Each structure stands twice: as C-alpha cells, then as structure tokens.
Number of protein chains: 2
Amino acid sequence: MQQFGPGEFLFFENDVATDAHFLLSGQLKIVRETEDGQEVILRLIRAGEMFGGAGGWGAATYPATAVALDQARVFRLPVQEFARLAGHYPQFALAVIEELGLRLREAESRIRELQVERVERRIARTLLRLANKIGHKTDRGIQIDLPQSRQHLAELSGATLSTVSRVLSEWDRQGLILAGRERVTIVRPHELVVIAEDTVESDLG
Amino acid sequence: MQQFGPGEFLFFENDVATDAHFLLSGQLKIVRETEDGQEVILRLIRAGEMFGGAGGWGAATYPATAVALDQARVFRLPVQEFARLAGHYPQFALAVIEELGLRLREAESRIRELQVERVERRIARTLLRLANKIGHKTDRGIQIDLPQSRQHLAELSGATLSTVSRVLSEWDRQGLILAGRERVTIVRPHELVVIAEDTVESDLG
DNA sequence: CGTGTAATTGAGTAGGGTCAACGTGAGTGG
DNA sequence: CCACTCACGTTGACCCTACTCAATTACACG
C-alpha cells in the first residue's frame, strides 16, 4: 500500500515488473516516452482499476511508465501472488482473460483510428471517451477535469497541443463545448458524436 | 475443420462470435474496414496461431474480419468449449493470459509508433517484423513473400500504397532491399534497423 | 502474345506539425 | 487585498510530409 503525489512516478518502463497494482483512489496515467521526450498516453486509470500488471502476463519488465496525476493511493500485489491466484482460482483467471480481451479490443480500435481517421475526429472520440470515464454532470453539461488538459488530450488522441487547442477553440466558438483551463465541458454531446462518427451516408441509390 | 481459398472470408466483423480458430496451414489476415472501404490489418496469422477467439474473452461478436491470403486449413473450437477449458485447466488459462498479454503489448507498441513515428520508420519496422514472422532466408537475403505486398505493407504500417511503393523504390535504389512483385528481399537488415530505430545519439557530453 | 493485377511514378495539394509570440487565470507572498 | 509569477492555453505564420489523383509500366498467367 503506497501514496503518491501529482507528477510522481510509480514505476518506469523497463523496470523489473515485480507487482500488479490496483488504484484505490486518485487518478494516474500510463505512458510511453520516446528518447526525445515525446509522450503517448496508453491509458488513464481511475480508482478501482488494475494497472501495471504486465508481470502477471509474461512481461519481465513494465512495458510503460505510470505517473500520478493527483493524490493516488495504490495497492501492490506481487506477481508471484498474482500467478498463484490465476492458477488456483479459475474465476480470477477468467476475469483476467476478459479484462485483457477488453483492453486488446480497445487498443485495436485505437490503432484503426490512428491509421484512418483525421485529427478532428480522433479528438472528438477522445473527448467522448473521457466524458464516459471521468466526466461528471453539471448544469452546463458534462464536465471533464484534467490537469494540463490540452496536452493530455493531444497525447491521448495523437495530435499536438496546438492542434487540440485550435480545435477546441473552434468548437467553443460553435457552442459545442466550453473550453476552460484544465477543463472541458461538453455542452452538446450529440453534435460531438456526429463529428466522431459521421458515417457519410452517401446517396448511392 | 474447414478449408478456404485466397480472398475468402472466414468470418466478418460483427458476426456472432461462435468459435475460436486455429490456423493449421496457410496464411490469413485480420482486418478492420471503414465504411468507405479503407482497410487496416490488425494481424497476420500463420500456421499454428490462434485467432478469432474474442468470443472466448468476452466479446459477443468478432471485433474484426478474417480473410484467407492463400489456401488455409482452419480448426474451429466452440467458445463454450473454450471457456470450459479455461475454467478447468489452469495451464490453459495461463497460456491464454500470456498470449493476450503479449498481443496487448504489441498493440500498444503499434499505437505509440503510429502516434509519434514518421512513415518511413514505420515501414522499416513493419518490414523487419514481417521478416521475423514470414521471412525465409535466400542467398540474396531475407525474402518476404506476400500477395499485394505494397498494399498490405501500407495497411500494416499506416501509410498509402503509393508511399510504400516510393519508399521501397528508394531503398531498392540504395541497395538495402530488392523490391519485387509480391515480394521484398531484405539485403541489408542492419541498415533497415538503423532507419527503424535511429536513436539519434546526440552528442551531449 | 494478350490481359489483368500489381507496382511505379509524377504533379499538385492540404492537413496538421513546428516554432514562436502572446494571453490568461490561479495561487502565493508581501 | 493586490500584484507578481508561473504554468496553462491561444493564436499566427510558415512549411513539409505524406496523401490524392491519375497516367504509365512491369510482371505473371493462361
């Protein structure tokens, strides 16, 4: 059981993967970095979620780095223990299998998006996902609070900070969202969905 | 147990996921398509590999489409059976967990690449991966045989057919590879690795 | 030798990245 | 309580990578 403050690292990519982790409270991100400092966010983790468990499924070292976004309390389970649980309790093993399957499908969706969708649409999708995951209702709409939100949105959707800022400004002007500091409020979710999906039902009668 | 010829579909995205599959011989691809026909290859499958098993880890429908690239023999295992195996034989469950973990790590690497690497480097990486997976040694180098190779390379690396063709032509001119019809032979793997990795060891001493 | 699919190559363009200057809002200390 | 400061965010100008569209060439097969 451990505590971390905003910006602190829980473990680094390539560290020996000794434990599986469970986030009890707070929020953190799982990232990969390039040597030149460019960062890609693989997942955002909320309270209740498991992370950094790759040691439990065959990785010798952590494949990514974990960084706390605010005050985070973490429970750590040694991988030997994890393996023992999976070997003895079929229900646990099946739960792990389902969890991994889900994450794999999500990852493959993201690959597809990065490969064929344009930036604006990827940002829209990222916003909607975030709304689902960490959004909360206010009288103005669904509010997403995220430190360094532009930067993080960029790293989640595969764009640059500048582009995200530009796109959000435009949407703000159109009244789809309210772009605030370390905050985005979705005012008209439906129109965002249109941008995110927009199956151009071409008239091929 | 079933047989398929080149271009035939084994199952489609969104079909009810009734079976897990094992490829006994031949080669096939797992793809996602957009409504406008753009295709993304998620995996290439060789003899001995498992695929289309998402039903076994919580998906109601197949999350992608499977297409045979040549003559393919396939063994199908009903998902109920799959779940029974995983529930009764811890070794099987653990093997599935490791397999999923591996694929998840691979998928996340690809996300990182798509997000931060330029096309040329992605193509180099894709070639090297393919060399590992389906390459075979000849007197000229490591040869990769793949129908519609430029198109497939494009869909694997997140580029267009034209761009792949251009890049391969250039590498051919430089003598790194031999670009042939439905075939690429890697002549100087090391130089490809340099392009793929190229950690600009900047002189910060 | 003809035909169809695969691949090459060129010209033109634009989406979005880079770089840089400038605003702005939330804490902090006097 | 106000001003200062720093991190966060916005915006503009420029440019380059890689896409689009399209014409042409090469190869393998019957």
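Residues take numbers from 1 onward in each chain, read along the sequence in its written order. By the order in which they are written, chains take letters starting at A while ligands take numbers starting at 1. This being a predicted model, a pLDDT of at least 70 is required before a residue's local features are given, and a value of 80 or more before pairs of side-chain atoms are given or counted; all residues contribute to the totals for chains, interfaces and linings. In computing side-chain properties, one takes all heavy atoms of the structure into account and sets aside hydrogens as well as water.

Draft legend 1. Looking closely at the protein's contact with DNA strand C. What makes a residue near a molecule or strand is one non-hydrogen atom of that residue sitting within 4 Å of it. Around DNA strand C, the surrounding shell holds 20 residues, and the nearest of these are Thr 163 of chain A together with Ser 165, Ser 169, Arg 181 and Glu 182 of chain B. N or O atoms closer than or at 3.5 Å make up a polar contact, with two conditions inside protein: a donor-capable atom paired with an acceptor-capable one, and, for residues adjacent in sequence, both atoms drawn from side chains. Within the side chain of Ser 149 of chain B, an N or O atom sits 2.9 Å from a phosphate oxygen of DNA strand C. What counts as a helix is a DSSP run of H or I of at least four residues, what counts as a strand is a run of E of at least two, and both are numbered from the N terminus. Among the elements of the structure, helix 5 (161-174) of chain A together with helix 4 (149-157) and helix 5 (161-173) of chain B are those that each provide at least two residues to the surface near DNA strand C. For the surface near DNA strand C, the element with the highest residue contribution is helix 5 of chain B, accounting for six residues. Throughout, the ten residues Ala, Val, Leu, Ile, Met, Phe, Trp, Tyr, Cys and Pro are labelled nonpolar, Asp, Glu, Lys and Arg are labelled charged, and all others, Gly among them, are labelled polar. For the surface near DNA strand C, the residue count by class is four nonpolar, eight polar and eight charged.

Draft legend 2. Spatial organisation of the nonpolar core. In this text, buried Ala, Val, Leu, Ile, Met, Phe, Trp, Tyr and Cys residues form a nonpolar core when linked through side-chain atoms within 4.5 Å. Think of it in three bands: residues with accessible area under 20% of the maximum for their type are buried, residues over 50% are exposed, and the middle band is partly exposed, with areas taken using a 1.4 Å probe on protein chains only. In terms of nonpolar packing, the biggest core is built from 68 residues, with Leu 10 and Phe 51 of chain A together with Leu 10 and Phe 51 of chain B touching the most fellow members. Residue contacts are counted whenever heavy atoms from the two residues lie within 4.5 Å of one another. For Phe 51 of chain B, the contacting residues outside a window of four places in its chain are Leu 10, Phe 11, Ala 20, His 21, Phe 22, Leu 23, Leu 28, Ile 30, Arg 43, Ile 45, Ala 66 and Val 74 of chain B.

Draft legend 3. Up close: the protein's contact with DNA strand D. The environment of DNA strand D is formed by 20 residues, the closest being Arg 150, Ser 165, Ser 169 and Glu 182 of chain A together with Thr 163 of chain B. The share of sugar and phosphate among atoms of DNA strand D within 4 Å of the protein is 68%. Between DNA strand D and Arg 173 of chain A, the relevant distance is 3.4 Å, taken from a phosphate oxygen to a side-chain nitrogen or oxygen of the residue. Of all elements in the fold, only helix 4 (149-157) and helix 5 of chain A together with helix 5 of chain B reach the threshold of two or more residues within the surface near DNA strand D. The element best represented in the surface near DNA strand D is helix 5 of chain A, accounting for six residues. Here the surface near DNA strand D is composed, by residue class, of three nonpolar, nine polar and eight charged.

Draft legend 4. Inspection of the domain arrangement of chain A at higher detail. Residues and elements named next belong to chain A. By domain assignment, chain A separates into domain 1 (2-114) and domain 2 (118-204). A straight line from the C-alpha centre of domain 1 to that of domain 2 covers 25 Å. Of the residues lining the interface, 13 residues belong to domain 1; the matching set on domain 2 comes to 13 residues. Accessible area, probed at 1.4 Å, shrinks when two parts are joined; the buried area is that loss added up over both. Buried area between domain 1 and domain 2, summed over both chains or domains, comes out near 1300 Å², and the portion from carbon and sulfur atoms is 52%. When residues of domain 1 are sorted by the area they lose upon contact with domain 2, Ile 41, Leu 44 and Glu 113 head the list and together hold 40% of the total. Just to be clear on terms, a salt bridge is a Lys or Arg side-chain nitrogen sitting within 4 Å of an Asp or Glu carboxyl oxygen. Applying the counting criterion to the domain 1 and domain 2 interface returns three salt bridges. Note that Lys 133 is salt-bridged to Glu 49, the shortest N-O span being 3.3 Å. At the junction of domain 1 and domain 2, the tally comes to eight residue pairs in polar contact (both at pLDDT 80 or more). Marked domain ranges trace back to an automatic or database domain assignment.

Draft legend 5. Spatial organisation of the side chain of Arg 105 of chain B. Counting through the fold element by element, Arg 105 of chain B comes out in helix 2 (residues 90-116). Salt bridges are absent for the buried Arg 105 of chain B, whose nearest opposite-charge side chain, Glu 98 of chain B, sits at 6.5 Å. A distance of 2.8 Å separates a polar side-chain atom of Arg 105 of chain B from the backbone oxygen of Trp 57 of chain A. In this structure Arg 105 of chain B touches Arg 32, Trp 57, Gly 58, Ala 59 and Pro 63 of chain A, once residues within four positions along its chain are discounted. Charge counting treats Lys and Arg as positive and Asp and Glu as negative, with His and both chain ends excluded.

Draft legend 6. Region of interest: the pattern of salt bridges. All names here are of chain B. Overall, the coordinates contain 28 salt bridges over all chains when judged by the stated rule. Among the salt bridges present, the one from Arg 125 reaches Glu 113, with a minimum N-O distance of 3.2 Å. Residue Arg 125 is found in helix 3 (residues 119-134), and its partner Glu 113 is found in helix 2; the two are separated by twelve residues along the sequence. Comparing Arg 125 with Glu 113, the two get one shared label, buried.

Draft legend 7. Examining the packing of aromatic side chains more closely. Aromatic rings from Phe, Tyr and Trp, with only the six-membered ring used for Trp, were paired whenever their centres fell within 6.5 Å, and each pair was classed as stacked if the ring planes differed by under 30 degrees, edge-to-face if by over 60, and tilted otherwise. This model, assessed by the stated rule, comprises twelve aromatic pairs over all chains. A ring pair is formed by Phe 82 of chain A and Phe 92 of chain A, whose centres lie 5.3 Å apart and whose planes are at 70°; its orientation type is edge-to-face. One end of the pair, Phe 82 of chain A, is in helix 1 (residues 79-88); the other, Phe 92 of chain A, is in helix 2 (residues 90-116), with ten residues separating them in the sequence. Each ring, one from Phe 9 of chain B and one from Phe 12 of chain B, has its centre 4.7 Å from the other, and the planes form 25°; the classification is stacked. Taken together, Phe 11, Phe 51 and Tyr 62 of chain A form an aromatic cluster joined through their ring pairs.

Draft legend 8. Molecular detail of the sheet that holds strand 5 (residues 39-46) of chain B. All names here are of chain B. A pair of strands is labelled paired if DSSP reports no fewer than 2 bridges between them. Strand order in the open sheet formed by four strands is 2-7-4-5, and the pairing between neighbours is antiparallel. Where the open sheet ends on each side, the last strands, each with one partner, are strand 2 (9-11) and strand 5. Averaged over all adjacent pairs, the angle separating strand axes in this sheet is 30°, with direction ignored. In this structure, strand 4 (residues 27-33) lies alongside strand 5, joined through seven bridges in antiparallel fashion. Across the sheet, residue Val 31 finds its bridge partner in strand 5, namely Ile 41. The angle between two axes is taken between their N-to-C directions and runs from 0 to 180 degrees, where each axis is a line fitted to C-alpha atoms and a helix contributes only its stretch in contact.

Draft legend 9. Representation of the interface of chain A and chain B in the model. Taken together, the 40 residues of chain A in the interface contact 39 residues of chain B. Together, the buried faces of chain A and chain B total about 3700 Å²; carbon and sulfur atoms form 69% of this surface. Seen at the junction of chain A and chain B, the total is zero salt bridges. Applying the counting criterion to the chain A and chain B interface returns five residue pairs in polar contact (both at pLDDT 80 or more).

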